[in-house]
Amino acid sequence: MSGTVSNTSNRKPPVRTPAPAHLPPSMLHSVKHLPNSDERLILFTRHSLREPSNGKGFASYDLPLTPRGRVLAKSWGRWLGDNLPYSMDTHSIASPIWRCVDTAKLMQEGAGVSQPIVHQPLLVEPGSLVINAKQANEEFKKIGALNFINAFLQNVSSSTKPAKQGALDLLFLLYQCQPQPGHLSLAVSHDTLLAAFLGVMLQSKEITWDDWPKMMEGMFLWFDNKPFEEATANLIWRGENFQVSTQSLIVI
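Residues numbered from 1 in each chain as written. Predicted model: local features only at pLDDT ≥ 70, side-chain atom pairs only at ≥ 80, totals over all residues. Heavy atoms only, no water.

Along the chain, glutamine 108 falls in helix H3 (residues 98–111). Assessed through its relative accessible area of 4%, glutamine 108 is described here as buried. Within the structure, the side chain of glutamine 108 is placed 2.8 Å from the backbone nitrogen of glutamine 115, a separation counted as a polar contact. Setting aside its immediate chain neighbours within four residues, glutamine 108 contacts Thr90, Ser92, Val113, Ser114, Gln115, Pro116 and Ile117. (Helix = DSSP H or I, 4+ residues; strand = E, 2+ residues; numbered from the N terminus. Buried < 20%, exposed > 50% of the residue type's maximum accessible area, 1.4 Å probe, protein only. Polar contact = N/O pair within 3.5 Å; in protein donor to acceptor, adjacent residues only side chain to side chain. Contact = heavy atoms within 4.5 Å.)

Here you go:
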């Protein structure tokens, strides 16, 4: 993926608890780049480890977290609570699909907090990207997840929004759901939405499976203190820092 790397400080938090087993290594690379403790921080993440799909690559919405996935979500929440100078004692949002809601709940439990988890339809499809669910479902099954997201990024699918509009809608949702300064809130979603969002934010017209978000992998994100139309989103993905202005996504 392409993008502009910013020069934020490379700060490593003190380690008090071991890193969770099965956590994607990129997440520990990313926490080294987090800003100081007074930002309104969001972790926009894929859910934890789930039961396997039907073998054709299509994960139904009723697939739950595995026992190992439940342990991972809880231990990751504990690690974040122990090692970051941010409080997780704040609201979260999640796709209404239970593996996402459970991920948010278990991460909160691991951090020792219990806060509302709002079921957010924009974090699942049809929602933030898809405008014609029947057509999108047929395309998805025909060409597969990766080709479907690349068709979205290249604006060649009539079943989805324009790529910049889909990303802008998700970005506005995250902007509206910012926690108070010094807090870290969760936004738990699915691989396709994260892949599409990252593709637009990092100015990619085509991604590969190497770019695809793994289970329990996500980006840290925060905004500057400006109105949404003038704001800059700062995000950390796989240990790199990127800045994207909302103006660059607004289609006139």
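Now for H3. Relative to the 20 Å expected for 14 residues at 1.5 Å per residue, H3 spans 20 Å between its end C-alpha atoms, a close match to the ideal helical length. If you check which residues of H3 are buried, you get Arg99, Cys100, Val101, Thr103, Ala104, Leu106, Met107, Gln108 and Gly110. Contacts from the buried residues of H3 go to strand E1 (40–46), helix H2 (67–83), strand E2 (92–94), strand E3 (117–119) and strand E4 (183–189). Remark: glycine 112 follows H3 within two positions and exhibits a positive phi of approximately 80°. (Expected span 1.5 Å × (residues − 1).)

This model, assessed by the stated rule, comprises seven aromatic pairs. One aromatic cluster in this structure is built from Phe172, Tyr175, Phe223 and Phe228. (Phe/Tyr/Trp six-rings, centres within 6.5 Å; stacked < 30°, edge-to-face > 60°.)

A separate point is the environment of glycine 182. Relative to the elements of secondary structure, glycine 182 occurs in the loop between helix H5 (163–176) and E4. Aside from chain neighbours lying at most four places away, what touches glycine 182 is Ser37, Asp38, Glu39, Pro85, Tyr86 and Ser87.

It is worth spelling out the packing of helix H4 (residues 133–153) against helix H6 (residues 191–201) at this point. Helix packing for two helices is described by the angle between their axes and how far apart those axes are. Look at H4 against H6: their axes get within 7 Å of each other, and the N-to-C directions meet at 25°. Compared by their axis directions, H4 and H6 come out roughly parallel. Judged by residue contacts, Phe140, Ile149, Phe152 and Leu153 of H4 engage Thr192, Ala195, Ala196, Gly199 and Val200 from H6. By residue class, the composition of the contact of H4 with H6 is seven nonpolar, two polar and no charged. (Axes fitted to C-alpha atoms, helices over the stretch in contact; angles between N-to-C directions. Parallel < 35°, antiparallel > 145°, perpendicular 65-115°, else oblique. Nonpolar A, V, L, I, M, F, W, Y, C, P; charged D, E, K, R; others polar.)

Our next topic: the sheet that holds strand E6 (residues 232–237). Across the sheet, which stays open at both edges, the seven strands sit in the order E3-E2-E4-E1-E5-E6-E7 with mixed pairing between neighbours. Across the chains shown, the open sheet's two edge strands, defined by having one partner strand only, are E3 and strand E7 (240–245). Between one strand axis and the next, the sheet turns by 25° as a mean value, whatever way the strands run. Here strand E5 (residues 218–223) runs beside E6; their pairing, made up of four bridges, is antiparallel. Among the inter-strand pairings, leucine 221 is bridged to a residue of E6, identified as leucine 235. Contacting E1, E4, E5, E6 and E7, H6 crosses the sheet at an angle of about 125° to E1. (Pairing = 2+ DSSP bridges.)

On to the confidence of the model for the protein, then. Taken residue by residue, the protein gives an average pLDDT of 90. The fraction at 70 or more is 90%. pLDDT under 50 marks residues 2–13. Its contacts with residues more than four places away, or in other chains, come to 32 contacts. (pLDDT = per-residue confidence, 0-100.)

Moving on, we get to the pattern of salt bridges. Counted by the stated rule, this structure contains four salt bridges. Arginine 46 is the salt-bridge partner of aspartate 191, the closest N and O atoms lying 3.3 Å from each other. Pair noted here: aspartate 191 is in helix H6 and arginine 46 is in strand E1, with a separation of 145 residues, a long-range link. Arginine 46 gets classed as buried once you look at its relative accessible area, which sits at 6%. When the shortest N-O distance is used, the salt bridge between glutamate 217 and arginine 238 registers 2.9 Å. Of this pair, glutamate 217 sits in the loop between H6 and E5 while arginine 238 is found in the loop between E6 and E7, placing the two residues 21 residues apart along the sequence. (Salt bridge = Lys/Arg side-chain N within 4 Å of Asp/Glu carboxyl O.)

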